[in-house]
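Residues per chain are reported as follows:
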Amino acid sequence: MFKTFLRASLVLLAFTTVVSAEPIKVTLLGTGVPTPRPTSFSASTLVEAGSEKLLFDLGRGATMQLYKLKIPLGAITASFITHLHSDHIVGLPDMWLTGWLATSWASRKGPMKLYGPKGTVAMTENLTKAFADDIRIRIDDEHLDPVAVTFAAKDIEAGPVYENNGVKVSAIEVNHGEKIRPSFGYIVEYGGHKVVLSGDTKYDERIAKAAEGADLLIHEVAVIEPELLVKNPVYKDIQAHHTSPEEAGRIFASSKPKLAVYSHIVFGTVKPAPDIPEEPLILRTRTAYNGPLLVGRDMMSFRIGDRVEAFSPDGTKLEP
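Rules used in this analysis
Residues numbered from 1 in each chain as written. Predicted model: local features only at pLDDT ≥ 70, side-chain atom pairs only at ≥ 80, totals over all residues. Heavy atoms only, no water. Helix = DSSP H or I, 4+ residues; strand = E, 2+ residues; numbered from the N terminus. Rg over C-alpha atoms; globule rule 2.2 N^0.38 Å. Buried < 20%, exposed > 50% of the residue type's maximum accessible area, 1.4 Å probe, protein only. Contact = heavy atoms within 4.5 Å. Areas by Shrake-Rupley, 256 points an atom, 1.4 Å probe, with all protein chains shown as cover. Polar contact = N/O pair within 3.5 Å; in protein donor to acceptor, adjacent residues only side chain to side chain. UniProt positions renumbered as here; feature names shortened; annotations may be inferred. Core = buried A, V, L, I, M, F, W, Y, C linked by side-chain atoms within 4.5 Å.

Per an unreviewed UniProt entry, the chain carries the name MBL fold metallo-hydrolase and comes from Bradyrhizobium forestalis.

Here it is in structure tokens:
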């Protein structure tokens, strides 16, 4: 009897080890801002944990990036919005309506689950009104499931907001400015691992606290040349709503994540630049933080298991 118990215990231990060691995969679908740059779509991050495929923000190009990954739009389990700025939600109508189509690359089953700050539910109600003719035509003409074009939307507050299949998502309120409240970051926990997304924010120690012990901290950043701040007052307003590299470095140094990554990278230069000025961004961060750091690029991905591995868009392994 003892041998039977021992064998059963070993089988259970092996199963538990496999489950707990199952990696989380994170892919930066969009690392950019409202600027329509061909090198960077606007904010969207995919987190795959167990059977859950979670989308955080639905910026420009999110559907196209999922198509490149060969992930059907209908396979997204739930979507989460950090705040209601346009560059974080312009991809929502595309994800919602295109994901409804009865094709192998879409075919959502059931309502679209969506969580976000106050105003999210009202937005979905008005989108449904705005696209009423398209919805009516496709139901009549293509016999699409009317349930699958509905929303299961919820206006959330800070705290736990989603838990399914061993995955827990919590919202943390962050400071994106007095007039942009509430604005959220998110914590994703699964199998003893933790991923933290800052959302858009000014320097906020709540992020550092939430990211303590995190495997991966994805944080926004703004780099604007001083001369441009003088020439164009709008950049002062932009800078006032975001985190400088020095401030982000302080957050990283305090929270000590296994890997820190920049995404939603705001940059402004006097002379138009074709791409992110990566070197000065890193140098300014290094004034406060010397740990593992990467500047995010669209389709960069991360595998979180016993250690955190990073991969370039072409699949090449990266060393922070």
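**Q** Provide a residue-level description of the overall build of the chain, including the pertinent values.
**A** What the chain contains, in helices and strands, is 10 helices and 16 strands. Relative to the compact-globule value of 20 Å for 320 residues, the chain shows a C-alpha radius of gyration of 21 Å, a close match. With respect to the three principal axes, the spread of C-alpha positions in the chain is 75 × 60 × 35 Å. The 320 residues of the chain split such that 49% are buried. Long-range pairs, those at least 24 residues apart, make up 62% of the contacts in the chain with a sequence separation of at least 6. For the chain, the accessible area works out to roughly 15,300 Å², and carbon and sulfur atoms hold 58% of it.

**Q** Any chance you could break down the side chain of H242 for me, citing the residues and the numbers?
**A** Here H242 lies in the loop between α8 (234–239) and α9 (245–255). Accessibility expressed as a relative area gives 9% for H242, which makes it buried. A polar side-chain atom of H242 sits 2.4 Å from a polar atom in the side chain of E220.

**Q** Outline the side chain of N175, listing residues and values.
**A** Looking at the secondary structure, you find N175 in the loop between β8 (167–174) and β9 (183–190). Using a relative accessible area of 18% as the deciding quantity, one classes N175 as buried. A polar side-chain atom of N175 sits 3.1 Å from the main-chain amide nitrogen of G177. Setting aside anything within four residues of it in sequence, one finds N175 in contact with R181, T201, K202, D204 and R206.

**Q** I'd like a rundown of the UniProt feature "domain: Metallo-beta-lactamase" (unreviewed entry) in the chain, residues and numbers included.
**A** Taken from the UniProt record, the annotation "domain: Metallo-beta-lactamase" (unreviewed entry) applies to residues 41–242. For the annotated span residues 41–242, helix accounts for 27% and strand for 30% of the residues, and the straight-line distance between the end C-alpha atoms is 18 Å.

**Q** Explain the nonpolar core to me, and be specific about the residues and the numbers.
**A** Ranked by size, the top nonpolar core spans 31 residues in total, and within it F80, Y186 and F302 carry the most contacts. Counting residues per element, this core draws most heavily on β9, at four residues. Those residues in contact with F80, other than ones at most four positions away along the chain, are L54, L55, F56, D57, Y115, V161, Y162, V169 and Y186. Residues A62, L73, I81 and V149 belong to the second largest nonpolar core, which totals 28 residues.

**Q** Tell me about the environment of P272, and please be specific about residues and values.
**A** With respect to the secondary-structure elements, P272 resides in the loop between β12 (259–268) and α10 (278–285). Overall, P272 belongs to the exposed group, its relative accessible area being 79%. Spatially, the C-alpha atoms of P272 and V308 are 35 Å apart, while their sequence positions differ by 36 residues.

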